[in-house]
Amino acid sequence: MVNWICRKNVSKKQNSLGEQMSEFLHELTWNKIDWGNSYQLVRRLQRRIFKANKTRDIRKVRYLQQRLIRSPHAKLIAIQQVTTLNKGKKTPGADNFVATKPSLKLTLAKNLHLNGKASPVKRVWIPKPGKIEKRPLGIPTIQDRAKQALAKLALEPEWEAKFEPNSYGFRPGRSCHDAIEAIFLNLRHKTDKLVYCADIRKCFDRIDHDALLDKLNTFPLMERQIYAWLKAGIMDEYVNTPRDADRGTPQGGVISPLLANIALHGLEEHLKSYVSSRDFPKPRPNASRGAKTKRAALGIIRYADDFVIIHENIEIMEKIILETNEWLADVGLELSQEKSELRKASQSFTFLGFQIILVIKQEQYRVKITPSKENIKRLTDKTRRIIQKNKSASAYALIYLLRPILIGWGNYFRYCECKETFNKVDNVIYNQIRAWVFRRAIRQGRKVVRQKYFPENRTYVFQNRKYKANWILNGTKCLKDGKPHTTHLPKLAWISSEKHVKVIETASVYDGNHIYWSNRCPQYSSLSTRVKTLLKRQNGKCKACKKKFIIGDKMEVDHIIPRSKRGLDQYNNLQLLHRQCHVNKTSLDLRSSSETLAGAG
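So, a few notes on the structure that sits alongside this text.

Rules used in this analysis
Residues numbered from 1 in each chain as written. Predicted model: local features only at pLDDT ≥ 70, side-chain atom pairs only at ≥ 80, totals over all residues. Heavy atoms only, no water. Patch = residues over 30% accessible without salt bridge, like charges linked within 9 Å, V, L, I, M, F, W, Y side chains within 5 Å. Areas by Shrake-Rupley, 256 points an atom, 1.4 Å probe, with all protein chains shown as cover. Salt bridge = Lys/Arg side-chain N within 4 Å of Asp/Glu carboxyl O. Lys, Arg positive; Asp, Glu negative; His and termini not counted. Charge placed at Lys NZ, Arg CZ, Asp CG, Glu CD. Helix = DSSP H or I, 4+ residues; strand = E, 2+ residues; numbered from the N terminus. Buried < 20%, exposed > 50% of the residue type's maximum accessible area, 1.4 Å probe, protein only. Pairing = 2+ DSSP bridges. Axes fitted to C-alpha atoms, helices over the stretch in contact; angles between N-to-C directions. Core = buried A, V, L, I, M, F, W, Y, C linked by side-chain atoms within 4.5 Å. Contact = heavy atoms within 4.5 Å.

### Considering a positive patch on the surface
Together, Lys541, Lys543, Lys546 and Lys548 give the surface a local cluster of positive charge. Within the secondary structure layout, Lys541 lies in the loop between α20 (529–537) and β15 (555–559). Accessibility expressed as a relative area gives 38% for Lys541, which makes it partly exposed.

### Describing the sheet that holds strand β1 (residues 121–127)
What the three strands build is an open sheet, ordered β2-β1-β4; its pairing is mixed. Among the strands making up the open sheet, the edge pair consists of β2 (134–139) and β4 (234–236). Within this sheet the neighbouring strands show an average axis-to-axis angle of 40 degrees, counted without direction. As paired elements, β1 and β4 share three bridges and run parallel to each other. In the strand pairing of β4, Lys122 is matched with Met235.

### Things to note about the nonpolar core
Formed by 79 residues in total, the largest nonpolar core has its most connected members in Met222 and Ile226. It is helix α6 (residues 142–160) that provides the largest number of residues to this core, a total of nine residues. The residues contacting Ile226, other than those within four sequence positions of it, are Leu155, Leu213, Leu216 and Leu259. If you look at the next biggest cluster of nonpolar residues, it comprises 66 residues, including Ala161, Ala395, Phe462 and Ile495.

### What to know about the pairing of strand β6 (residues 306–311)
Looking along a regular strand, one sees the side chains alternate between the two faces of the sheet. Counting buried residues in β6 gives five out of six residues, a clear majority hidden from the surface. As judged from the six bridges shared by strand β3 (residues 194–199) and β6, these two strands associate in the antiparallel manner. Bridging across to β6, Val195 finds its partner in Ile310. Two strands pair when backbone bridges link them, and strand β5 (residues 299–303) and β6 are joined in this way by five bridges, in the antiparallel orientation.

Following this line, the structure appears as structure tokens:
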């Protein structure tokens, strides 16, 4: 009787919430949404889900998750992410529908709810970076993307309270650099260790659906909805008949990375328990036999479906590899024997684009981490292709094509011993540009050409530091006001090497510790120097909505006076905004420009 009364009260609350939601959305216009308030309310619910799961109050977790997926603010945020913020916002699914108008976005939000149904996924084949082979990419419809974003808002805080400490891929507040730093911490003990670089064969395509749903263990509506996405038909290009999916999660879905992390969750703890509970030999001759020592001797660092296992003892390592295969078989996966490899750390291995090796210095092993040779070649090949395709472009245009690629690559690899590598890459790119320059002006003297493109004795400002250098490519362009604007192509060597501090294992963006994350975000993130500088200048707040930037927020640099109105590309004319605030400001700038032109006419 008591249970019946409780269910009746919950259903009354849900009905009243649904009525409030419909009234809220009915009176709303897309361009007047207070996004800061919506994000604040949704994050508050997510923090409560995280804390309830930490205390193992599963009943409260389920109640809060169902409340979140019915929240109008969560629905607006889900629609905003897939139609405004994500890069694939203009990519249609199998139904060829794209929501670009504000009225369509609001209509999607009004009709958004989890109903246990899913449309077929359009599959395209895209090339793998640096390889000839291609991989499949699944593109759900806009409606399904929005539903997946809504489901992720509810599921992610629950699983962030469960995920293992050395899982770093596709998790908020964690990055590739945290995984590399974790490898460094495991190898820095002055002894050579064994490293097993594991690669799961077609991970996203082979995850067992039943095993995934059993591990997910969520409430019935969410389970039906995720089951529908897993079983959704796959429609290949130029084929009008979808085929059913028996296994795997399609790469390209909003929720696919989270589901893959859930499927692989538990591997680290299982292997550590396996090592500590068996009568294995000691990890090293002078080690103790306790379970704590055995657990500490094993290192497992995972980034999505790529992971490395680190141990000193070859006998124990071979048994760990066999146990890993057995554990993966339970979720329908297996290791790729061709791509997985066991070797000593002193023989070097690559992970996430970094080359890691133990070198002997002063008769002791020391960890050395540098950019891998494959990544260096990929970068120089890319710059060569760009230069060859733009033989007739101006130096100004070429600089704007190359500059973001070089700075982005340098910012990613600056958290290692990169100085020597950056100098070598600078030399290769300089030779490419030098050949491009001198073939443009055959009839002019080389001194004249050099002075035009590589002026001497100039001082350049990069990342708030001054450099005096020669052979720096310069380009000039006349702006609309007739004034010339000169830019330059910076050297990679100007990007200084930095030490990365690994994220605290127990920290989460949903734990409410704003001080830790606000201090960490500007310093140890992959953000550009310009964004970091503006973050510090604005005290971590958006200039438009005055709300604090949170981990995961989409941030964009905006020109206060637009470049179209002769605004300068200088810090006193720059501000950091949320992407939605930037979209709103740009629309206002365009509207004011059109009104000015209409008044002048």
